[in-house]
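So you can see what is in the structure, the chains are spelled out below.
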Amino acid sequence: MGLLTIGTFAKASHLSPKALRLYDELGLLAPARVDPVTGYRLYAPEQLDQARLVAWLRRLGMPLARIQHVCSLEAGQAAQEIRAFWTQVEADTAARRDLATFLIDHLSWKDPAMTPTTKPLGIRYAALSDTGLARESNQDTAYAGTRLLAVADGCGSGGALASAAAVDALKHLETDTIPAGNLLNVLEEAIEQAKQAVDSVTATGSSPEQVGTTLTAMLWTGSQLALVHIGDSRVYLLRDGELFQITHDHTMVQSMVDEGRLTPEEAASHPQRSLLIRALGQGADAIPDMRLHDAQQGDRYLLCSDGLSTIVPTEEIQSVLSGIREPEQAVRELIALANGSGGPDNVSCVVADVMEQQ
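Structure report, in brief. Here the structure is a predicted model, which means the values were calculated and not measured. (Residues numbered from 1 in each chain as written. Predicted model: local features only at pLDDT ≥ 70, side-chain atom pairs only at ≥ 80, totals over all residues. Heavy atoms only, no water.)

### Quick look at the nonpolar core
Stage number 1. In terms of nonpolar packing, the biggest core is built from 29 residues, with Leu170, Leu215 and Leu280 touching the most fellow members.
Stage number 2. At the level of elements, strand S6 (148–155), helix H6 (159–168), helix H7 (183–203), strand S8 (215–220), strand S9 (224–230) and strand S12 (289–294) are the ones that each hand at least two residues to this core.
Stage number 3. In terms of residues, this core owes the most to one element, H7, which gives eight residues.
Stage number 4. Look past the residues within four positions of Leu170 in its chain and what remains in contact with it is Leu148, Ala190, Ala194, Leu215 and Ala217.
Stage number 5. Counting 22 residues, the second-largest nonpolar core is a separate cluster that includes Ala10, Leu20, Met62 and Phe85. (Core = buried A, V, L, I, M, F, W, Y, C linked by side-chain atoms within 4.5 Å. Buried < 20%, exposed > 50% of the residue type's maximum accessible area, 1.4 Å probe, protein only. Helix = DSSP H or I, 4+ residues; strand = E, 2+ residues; numbered from the N terminus. Contact = heavy atoms within 4.5 Å.)

### Here we look at the sheet that holds strand S1 (residues 4–5)
Stage number 1. Spatial strand order, S1-S3-S2: three strands in an open sheet with antiparallel pairing. Each edge of the open sheet is held by one strand with a lone partner, namely S1 and strand S2 (33–34).
Stage number 2. In the sheet, S1 pairs with strand S3 (residues 41–43) via two bridges, with the strands oriented antiparallel. Each bridged residue has a counterpart across the sheet, and for Leu4 the counterpart in S3 is Tyr43. (Pairing = 2+ DSSP bridges.)

### Section: the pattern of salt bridges
Stage number 1. By the definition in use, this model includes twelve salt bridges.
Stage number 2. Between Asp353 and Arg300 there is a salt bridge whose closest N-O contact spans 2.6 Å. With Asp353 in strand S14 (residues 347–356) and Arg300 in strand S13 (residues 300–304), this residue pair connects regions lying 53 residues apart in the sequence.
Stage number 3. Since its relative accessible area comes to 8%, Asp353 is described here as buried.
Stage number 4. Residues joined in a network through salt bridges with shared partners are Arg124, Arg300, Glu326 and Asp353. (Salt bridge = Lys/Arg side-chain N within 4 Å of Asp/Glu carboxyl O.)

### Some points on empty space enclosed by the protein
Stage number 1. Scanning all chains against the criterion turns up one cavity of 30 Å³ or more.
Stage number 2. Put simply, the largest cavity is a space of about 50 Å³.
Stage number 3. Counting residues per element, the ones that place at least two in the lining of the largest cavity are H7, S8 and S9.
Stage number 4. Its residues assigned to classes, the lining of the largest cavity comprises eleven nonpolar, no polar and no charged. (1 Å grid on protein atoms, 1.4 Å probe; cavity = no way out; pocket = protein on both sides within 12 Å on 5 of 7 lines; lining within 4 Å. Points joined across faces, edges and corners; volume = space filled by probe spheres on them. Nonpolar A, V, L, I, M, F, W, Y, C, P; charged D, E, K, R; others polar.)

### With respect to the environment of Val351
Stage number 1. Within the secondary structure, Val351 sits in strand S14.
Stage number 2. Note: C-alpha distance between Val351 and Val320 (31 residues apart in sequence) is 11 Å.
Stage number 3. Contacts of Val351, omitting those with residues within four sequence positions, involve Arg124, Tyr125, Ala126, Arg300, Tyr301, Leu302, Leu321, Pro327, Ala330, Val331 and Leu334.

### Details of the environment of Gln210
Stage number 1. With respect to the helices and strands, Gln210 occurs in the loop between H7 and strand S7 (212–213).
Stage number 2. Each C-alpha atom, one on Gln210 and one on Gln282, is 8.8 Å from the other, the two residues being 72 residues apart in sequence.
Stage number 3. For Gln210, the contacting residues outside a window of four places in its chain are Cys155 and Gly156.

### A look at unusual backbone geometry
Stage number 1. Positive phi outside glycine occurs at His14, with the angle close to 65 degrees.
Stage number 2. Looking at the element boundaries, His14 is found in the loop between helix H1 (6–13) and helix H2 (17–25).
Stage number 3. Its identity as a non-glycine residue notwithstanding, Asp240 has a phi of 50 degrees, on the positive side.
Stage number 4. Tracing the sequence through the fold places Asp240 in the loop between strand S10 (234–239) and strand S11 (242–245).

### Comments concerning the packing of H6 against H7
Stage number 1. Direction vectors running N to C along H6 and H7 enclose 155 degrees, while the axes themselves pass 8 Å from each other. Judged by the inter-axis angle, H6 sits roughly antiparallel to H7. Crossing geometry of H6 relative to H7 is assigned as right-handed. Counted together, Leu161, Ala162, Ala165 and Ala166 of H6 and Ala194, Ala197, Val198 and Val201 of H7 form the full contact between these two elements.
Stage number 2. Along the lines of polarity and charge, the residues of the contact of H6 with H7 split into eight nonpolar, no polar and no charged. (Axes fitted to C-alpha atoms, helices over the stretch in contact; angles between N-to-C directions. Parallel < 35°, antiparallel > 145°, perpendicular 65-115°, else oblique. Left-handed = near helix turned anticlockwise from the far one by under 90°.)

### A word on helix H12 (residues 327–340)
Stage number 1. The terminal C-alpha atoms of H12, which comprises 14 residues, lie 20 Å apart, in line with the 20 Å expected from a rise of 1.5 Å per residue.
Stage number 2. Along H12, the residues classified as buried are Pro327, Ala330, Val331, Leu334, Ile335, Leu337, Ala338 and Asn339.
Stage number 3. Summarising the contacts, the buried residues of H12 are in contact with strand S4 (121–130), S13, helix H10 (306–309), helix H11 (314–323) and S14.
Stage number 4. Two residues or fewer past H12, Gly342 is found with a positive phi of approximately 110 degrees. (Expected span 1.5 Å × (residues − 1).)

### Some details on the packing of H11 against H12
Stage number 1. Close contact between H11 and H12 brings their axes to 9 Å; oriented N to C, the two are set at 155 degrees. Between H11 and H12, the interaxial angle falls into the category roughly antiparallel. Between H11 and H12 the crossing geometry is right-handed. Packed against H11, whose contacting residues are Glu316, Ile317, Val320 and Leu321, the element H12 presents Ala330, Glu333, Leu334 and Leu337 at the interface.
Stage number 2. Of the residues assigned to the contact of H11 with H12, the class counts are six nonpolar, no polar and two charged.

### Topic: the sheet that holds S10
Backbone hydrogen bonds are what pair the strands of a sheet, in a parallel or an antiparallel way.
Stage number 1. Within the open sheet, the five strands sit side by side as S4-S14-S13-S10-S11. Their pairing is antiparallel. Where the open sheet ends on each side, the last strands, each with one partner, are S4 and S11. Shown here is a sheet whose adjacent strand axes are inclined to one another by a mean of 20 degrees, direction ignored.
Stage number 2. Relative to S11, S10 runs antiparallel, the two sharing four bridges. Directly across from Leu238, in S11, lies its bridge partner Leu243.
Stage number 3. Packing of H11 onto the sheet brings it into contact with S10, S11, S13 and S14, and relative to S11 it is tilted by some 125 degrees.

Read these as geometric descriptors, not functional statements.
Structure representation (C-alpha coordinates):
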(Lines give C-alpha, C1' and ligand atoms only; values in the text may rest on other atoms or scores of the structure.)
Protein backbone atom coordinates (compact mmCIF):
# COMPACT_ATOMS: atom_id res chain seq x y z
CA MET A 1 0.00 0.00 0.00
CA GLY A 2 1.32 3.42 -0.94
CA LEU A 3 1.30 6.65 1.05
CA LEU A 4 -2.04 7.99 2.25
CA THR A 5 -3.30 11.49 1.67
CA ILE A 6 -3.97 13.59 4.77
CA GLY A 7 -7.73 13.24 4.20
CA THR A 8 -7.60 9.44 3.97
CA PHE A 9 -5.22 9.21 6.91
CA ALA A 10 -7.41 11.52 8.99
CA LYS A 11 -10.47 9.37 8.35
CA ALA A 12 -8.64 6.13 9.18
CA SER A 13 -7.06 7.50 12.36
CA HIS A 14 -10.12 9.44 13.62
CA LEU A 15 -8.07 12.65 13.72
CA SER A 16 -9.03 15.73 11.78
CA PRO A 17 -6.70 17.19 9.12
CA LYS A 18 -6.43 20.28 11.31
CA ALA A 19 -5.24 18.16 14.25
CA LEU A 20 -2.75 16.32 12.02
CA ARG A 21 -1.26 19.62 10.85
CA LEU A 22 -0.94 20.75 14.47
CA TYR A 23 0.72 17.50 15.54
CA ASP A 24 3.16 17.84 12.66
CA GLU A 25 4.10 21.34 13.78
CA LEU A 26 4.63 20.10 17.33
CA GLY A 27 6.76 17.16 16.20
CA LEU A 28 4.26 14.72 17.66
CA LEU A 29 3.19 13.02 14.44
CA ALA A 30 5.26 14.00 11.41
CA PRO A 31 4.08 12.88 7.95
CA ALA A 32 6.12 10.31 6.06
CA ARG A 33 6.58 12.73 3.20
CA VAL A 34 5.73 16.32 2.32
CA ASP A 35 5.29 17.14 -1.36
CA PRO A 36 8.04 19.69 -2.17
CA VAL A 37 5.83 21.54 -4.65
CA THR A 38 2.38 21.59 -3.06
CA GLY A 39 3.38 21.09 0.59
CA TYR A 40 0.76 18.37 0.78
CA ARG A 41 1.29 15.92 3.69
CA LEU A 42 1.38 12.18 2.99
CA TYR A 43 1.36 9.44 5.63
CA ALA A 44 2.50 5.83 5.69
CA PRO A 45 -0.04 3.14 6.64
CA GLU A 46 2.26 1.96 9.46
CA GLN A 47 1.77 5.37 11.16
CA LEU A 48 -1.88 4.59 11.80
CA ASP A 49 -1.26 2.78 15.08
CA GLN A 50 0.55 5.77 16.56
CA ALA A 51 -2.06 8.17 15.21
CA ARG A 52 -4.89 6.14 16.75
CA LEU A 53 -3.02 6.05 20.06
CA VAL A 54 -2.71 9.82 19.94
CA ALA A 55 -6.45 10.09 19.23
CA TRP A 56 -7.33 7.84 22.16
CA LEU A 57 -5.02 9.70 24.55
CA ARG A 58 -6.56 13.00 23.51
CA ARG A 59 -9.98 11.57 24.35
CA LEU A 60 -8.60 10.83 27.82
CA GLY A 61 -7.71 14.50 28.10
CA MET A 62 -3.96 13.91 28.22
CA PRO A 63 -1.89 17.03 27.41
CA LEU A 64 -0.01 16.95 24.11
CA ALA A 65 3.41 17.15 25.76
CA ARG A 66 2.65 14.05 27.82
CA ILE A 67 1.24 12.26 24.77
CA GLN A 68 4.53 12.91 22.99
CA HIS A 69 6.36 11.31 25.91
CA VAL A 70 4.02 8.28 25.96
CA CYS A 71 4.48 7.74 22.22
CA SER A 72 8.24 7.59 22.71
CA LEU A 73 7.99 4.68 25.17
CA GLU A 74 7.84 0.94 24.76
CA ALA A 75 4.38 -0.58 25.15
CA GLY A 76 4.83 -1.68 28.78
CA GLN A 77 6.25 1.65 29.89
CA ALA A 78 3.55 3.51 27.95
CA ALA A 79 0.89 1.51 29.78
CA GLN A 80 2.42 2.46 33.15
CA GLU A 81 2.51 6.11 32.16
CA ILE A 82 -1.16 6.03 31.11
CA ARG A 83 -2.07 4.31 34.38
CA ALA A 84 -0.23 6.99 36.36
CA PHE A 85 -1.97 9.75 34.38
CA TRP A 86 -5.41 8.27 34.94
CA THR A 87 -4.77 7.77 38.65
CA GLN A 88 -4.05 11.48 38.88
CA VAL A 89 -7.17 12.30 36.87
CA GLU A 90 -9.29 10.23 39.25
CA ALA A 91 -7.67 11.89 42.27
CA ASP A 92 -8.34 15.33 40.79
CA THR A 93 -11.93 14.33 40.01
CA ALA A 94 -12.41 13.08 43.55
CA ALA A 95 -11.04 16.36 44.91
CA ARG A 96 -13.43 18.33 42.71
CA ARG A 97 -16.30 16.06 43.77
CA ASP A 98 -15.48 16.74 47.41
CA LEU A 99 -15.33 20.46 46.71
CA ALA A 100 -18.68 20.33 44.91
CA THR A 101 -20.21 18.46 47.85
CA PHE A 102 -18.73 21.03 50.23
CA LEU A 103 -20.22 23.91 48.22
CA ILE A 104 -23.63 22.27 47.92
CA ASP A 105 -23.76 21.51 51.63
CA HIS A 106 -22.50 24.96 52.55
CA LEU A 107 -24.85 26.90 50.28
CA SER A 108 -27.95 24.84 51.05
CA TRP A 109 -27.37 24.55 54.80
CA LYS A 110 -29.66 26.37 57.21
CA ASP A 111 -28.28 27.10 60.66
CA PRO A 112 -30.28 25.02 63.15
CA ALA A 113 -29.44 27.67 65.74
CA MET A 114 -32.10 29.79 63.99
CA THR A 115 -34.74 27.26 65.02
CA PRO A 116 -36.12 28.01 68.51
CA THR A 117 -36.64 24.31 69.30
CA THR A 118 -33.02 23.37 68.51
CA LYS A 119 -30.73 23.04 71.50
CA PRO A 120 -27.31 24.71 71.11
CA LEU A 121 -24.41 22.28 70.81
CA GLY A 122 -20.81 22.56 71.93
CA ILE A 123 -17.75 20.33 72.14
CA ARG A 124 -15.62 19.04 74.97
CA TYR A 125 -12.17 17.88 73.99
CA ALA A 126 -8.70 16.69 74.91
CA ALA A 127 -5.43 16.40 73.02
CA LEU A 128 -2.27 14.47 73.80
CA SER A 129 0.94 13.70 71.92
CA ASP A 130 3.63 11.20 72.88
CA THR A 131 7.09 10.38 71.55
CA GLY A 132 6.49 6.64 71.68
CA LEU A 133 9.07 4.06 72.67
CA ALA A 134 11.35 3.94 69.61
CA ARG A 135 11.84 7.55 68.48
CA GLU A 136 14.27 10.01 70.06
CA SER A 137 12.04 13.05 69.50
CA ASN A 138 8.40 13.85 68.86
CA GLN A 139 7.61 15.31 65.43
CA ASP A 140 3.83 15.25 65.96
CA THR A 141 1.72 18.20 67.05
CA ALA A 142 -1.75 17.84 68.54
CA TYR A 143 -4.08 20.70 69.47
CA ALA A 144 -7.64 21.04 70.73
CA GLY A 145 -9.56 24.22 71.55
CA THR A 146 -13.09 25.50 71.69
CA ARG A 147 -13.26 25.72 67.88
CA LEU A 148 -10.13 24.12 66.40
CA LEU A 149 -9.02 20.48 66.52
CA ALA A 150 -5.80 19.53 64.74
CA VAL A 151 -3.15 16.84 64.35
CA ALA A 152 0.02 17.18 62.25
CA ASP A 153 2.70 14.54 61.72
CA GLY A 154 6.06 15.98 60.67
CA CYS A 155 8.75 14.15 58.74
CA GLY A 156 12.41 14.81 58.07
CA SER A 157 15.03 16.57 60.14
CA GLY A 158 12.75 19.57 60.72
CA GLY A 159 9.53 17.62 61.04
CA ALA A 160 8.75 18.84 64.54
CA LEU A 161 9.06 22.48 63.49
CA ALA A 162 7.00 21.85 60.35
CA SER A 163 4.09 20.20 62.19
CA ALA A 164 4.06 22.90 64.87
CA ALA A 165 4.15 25.65 62.23
CA ALA A 166 1.23 24.13 60.33
CA VAL A 167 -0.98 23.93 63.44
CA ASP A 168 0.08 27.36 64.72
CA ALA A 169 -0.99 28.87 61.39
CA LEU A 170 -4.56 27.70 62.08
CA LYS A 171 -4.87 28.86 65.68
CA HIS A 172 -6.23 32.27 64.72
CA LEU A 173 -9.42 30.43 63.75
CA GLU A 174 -10.09 30.06 67.48
CA THR A 175 -10.82 33.76 67.86
CA ASP A 176 -11.59 35.06 64.37
CA THR A 177 -15.22 35.79 63.55
CA ILE A 178 -16.13 33.82 60.42
CA PRO A 179 -19.09 35.15 58.39
CA ALA A 180 -21.56 32.40 57.56
CA GLY A 181 -20.96 32.68 53.81
CA ASN A 182 -17.19 32.84 54.03
CA LEU A 183 -16.27 29.49 55.57
CA LEU A 184 -14.79 27.96 52.41
CA ASN A 185 -12.58 31.00 51.75
CA VAL A 186 -11.44 31.06 55.37
CA LEU A 187 -10.41 27.40 55.25
CA GLU A 188 -8.61 27.85 51.94
CA GLU A 189 -6.71 30.86 53.27
CA ALA A 190 -5.83 28.98 56.45
CA ILE A 191 -4.35 26.09 54.47
CA GLU A 192 -2.34 28.53 52.35
CA GLN A 193 -1.02 30.16 55.54
CA ALA A 194 -0.10 26.73 56.91
CA LYS A 195 1.69 25.88 53.66
CA GLN A 196 3.66 29.13 53.76
CA ALA A 197 4.56 28.53 57.40
CA VAL A 198 5.88 25.04 56.61
CA ASP A 199 7.76 26.34 53.55
CA SER A 200 9.45 28.93 55.76
CA VAL A 201 10.60 26.19 58.12
CA THR A 202 11.81 23.87 55.39
CA ALA A 203 13.66 26.66 53.56
CA THR A 204 15.93 27.15 56.58
CA GLY A 205 16.83 23.46 56.96
CA SER A 206 19.87 21.69 55.58
CA SER A 207 17.70 19.22 53.64
CA PRO A 208 14.49 21.09 52.79
CA GLU A 209 13.31 18.48 50.32
CA GLN A 210 13.06 15.94 53.14
CA VAL A 211 10.98 18.08 55.50
CA GLY A 212 7.19 18.23 55.54
CA THR A 213 4.08 17.45 57.52
CA THR A 214 0.59 16.09 57.30
CA LEU A 215 -2.26 18.28 58.53
CA THR A 216 -5.72 17.13 59.56
CA ALA A 217 -7.94 19.69 61.26
CA MET A 218 -11.59 20.32 62.07
CA LEU A 219 -13.19 23.70 62.73
CA TRP A 220 -16.27 23.79 64.93
CA THR A 221 -18.91 26.20 63.60
CA GLY A 222 -21.59 25.69 66.23
CA SER A 223 -23.48 22.81 64.65
CA GLN A 224 -21.06 21.58 61.99
CA LEU A 225 -17.43 20.53 61.78
CA ALA A 226 -15.52 21.70 58.72
CA LEU A 227 -12.70 19.29 57.84
CA VAL A 228 -9.42 19.99 56.05
CA HIS A 229 -7.11 17.04 55.44
CA ILE A 230 -3.71 16.49 53.81
CA GLY A 231 -1.66 13.32 54.34
CA ASP A 232 -2.25 10.14 56.31
CA SER A 233 -3.33 11.36 59.73
CA ARG A 234 -6.96 10.37 60.18
CA VAL A 235 -10.36 11.39 61.51
CA TYR A 236 -12.78 8.81 62.87
CA LEU A 237 -16.40 9.41 63.83
CA LEU A 238 -18.10 7.31 66.51
CA ARG A 239 -21.87 7.64 66.05
CA ASP A 240 -24.49 5.38 67.62
CA GLY A 241 -21.81 2.87 68.54
CA GLU A 242 -20.43 2.57 64.98
CA LEU A 243 -16.95 3.79 64.05
CA PHE A 244 -16.39 5.40 60.64
CA GLN A 245 -13.14 6.62 59.08
CA ILE A 246 -14.09 9.91 57.40
CA THR A 247 -10.72 10.79 55.86
CA HIS A 248 -8.89 9.17 52.97
CA ASP A 249 -5.16 8.46 53.30
CA HIS A 250 -3.04 10.35 50.78
CA THR A 251 -0.44 7.60 50.42
CA MET A 252 1.01 5.69 47.51
CA VAL A 253 -0.20 2.42 49.01
CA GLN A 254 -3.77 3.72 49.41
CA SER A 255 -3.77 4.81 45.77
CA MET A 256 -2.73 1.25 44.84
CA VAL A 257 -5.65 -0.08 46.90
CA ASP A 258 -7.97 2.35 45.12
CA GLU A 259 -6.71 1.03 41.77
CA GLY A 260 -7.22 -2.58 42.85
CA ARG A 261 -3.50 -3.35 42.72
CA LEU A 262 -3.33 -4.12 46.47
CA THR A 263 -5.81 -5.47 48.97
CA PRO A 264 -6.32 -3.59 52.25
CA GLU A 265 -4.66 -6.51 54.02
CA GLU A 266 -1.59 -6.28 51.76
CA ALA A 267 -1.48 -2.52 52.21
CA ALA A 268 -1.35 -2.83 56.01
CA SER A 269 2.05 -4.56 55.86
CA HIS A 270 3.44 -2.93 52.71
CA PRO A 271 6.99 -1.57 53.24
CA GLN A 272 6.04 1.75 51.61
CA ARG A 273 2.74 2.25 53.41
CA SER A 274 3.92 5.60 54.84
CA LEU A 275 4.98 7.08 51.48
CA LEU A 276 2.84 10.21 51.06
CA ILE A 277 1.52 11.58 47.78
CA ARG A 278 0.10 14.71 49.44
CA ALA A 279 1.63 16.73 52.27
CA LEU A 280 2.68 20.23 53.29
CA GLY A 281 6.28 20.95 52.29
CA GLN A 282 8.34 22.34 49.47
CA GLY A 283 7.45 20.75 46.14
CA ALA A 284 4.69 18.60 47.65
CA ASP A 285 1.11 18.37 46.41
CA ALA A 286 -0.73 20.33 49.11
CA ILE A 287 -4.30 20.22 47.75
CA PRO A 288 -6.50 19.43 50.76
CA ASP A 289 -9.68 17.43 51.05
CA MET A 290 -12.42 19.67 52.50
CA ARG A 291 -15.81 18.61 53.83
CA LEU A 292 -18.60 19.70 56.13
CA HIS A 293 -20.03 17.32 58.72
CA ASP A 294 -23.38 17.93 60.39
CA ALA A 295 -22.84 17.30 64.08
CA GLN A 296 -25.25 15.38 66.24
CA GLN A 297 -25.44 15.31 69.98
CA GLY A 298 -23.50 12.27 71.16
CA ASP A 299 -21.03 12.22 68.25
CA ARG A 300 -17.39 11.58 69.17
CA TYR A 301 -14.55 12.51 66.82
CA LEU A 302 -11.01 11.15 66.94
CA LEU A 303 -8.14 12.84 65.10
CA CYS A 304 -4.92 10.82 65.20
CA SER A 305 -1.54 10.43 63.59
CA ASP A 306 -0.56 7.17 61.92
CA GLY A 307 1.35 6.24 65.07
CA LEU A 308 -2.04 5.11 66.36
CA SER A 309 -3.96 4.02 63.26
CA THR A 310 -1.23 1.77 61.82
CA ILE A 311 -0.37 0.18 65.17
CA VAL A 312 -3.63 -0.33 67.05
CA PRO A 313 -6.41 -2.43 65.47
CA THR A 314 -9.59 -0.53 64.63
CA GLU A 315 -11.65 -2.73 66.96
CA GLU A 316 -9.49 -1.69 69.93
CA ILE A 317 -9.78 1.99 68.99
CA GLN A 318 -13.55 1.60 68.81
CA SER A 319 -13.62 -0.14 72.18
CA VAL A 320 -11.80 2.73 73.87
CA LEU A 321 -13.91 5.41 72.23
CA SER A 322 -17.12 3.57 73.13
CA GLY A 323 -16.15 2.61 76.66
CA ILE A 324 -14.35 5.63 78.11
CA ARG A 325 -16.50 8.68 78.72
CA GLU A 326 -14.02 11.48 79.40
CA PRO A 327 -11.99 12.70 76.37
CA GLU A 328 -8.84 13.19 78.47
CA GLN A 329 -8.92 9.63 79.73
CA ALA A 330 -9.69 8.35 76.23
CA VAL A 331 -6.63 10.00 74.62
CA ARG A 332 -4.41 8.65 77.40
CA GLU A 333 -5.74 5.13 76.89
CA LEU A 334 -5.30 5.29 73.11
CA ILE A 335 -1.68 6.36 73.45
CA ALA A 336 -1.13 3.65 76.05
CA LEU A 337 -2.45 1.09 73.54
CA ALA A 338 0.01 2.32 70.87
CA ASN A 339 2.92 2.14 73.30
CA GLY A 340 1.71 -1.21 74.54
CA SER A 341 2.07 -2.47 70.96
CA GLY A 342 5.71 -1.42 70.86
CA GLY A 343 5.31 2.33 70.32
CA PRO A 344 7.39 2.36 67.11
CA ASP A 345 6.28 5.90 66.15
CA ASN A 346 5.20 9.19 67.64
CA VAL A 347 1.49 9.07 68.44
CA SER A 348 -1.00 11.93 68.76
CA CYS A 349 -4.71 11.91 69.51
CA VAL A 350 -7.49 14.45 69.80
CA VAL A 351 -10.89 13.34 71.06
CA ALA A 352 -13.88 15.70 70.83
CA ASP A 353 -17.45 15.05 71.99
CA VAL A 354 -20.47 16.92 70.62
CA MET A 355 -22.78 17.74 73.50
CA GLU A 356 -25.60 20.03 74.48
CA GLN A 357 -24.37 23.32 75.87
CA GLN A 358 -25.28 23.99 79.47
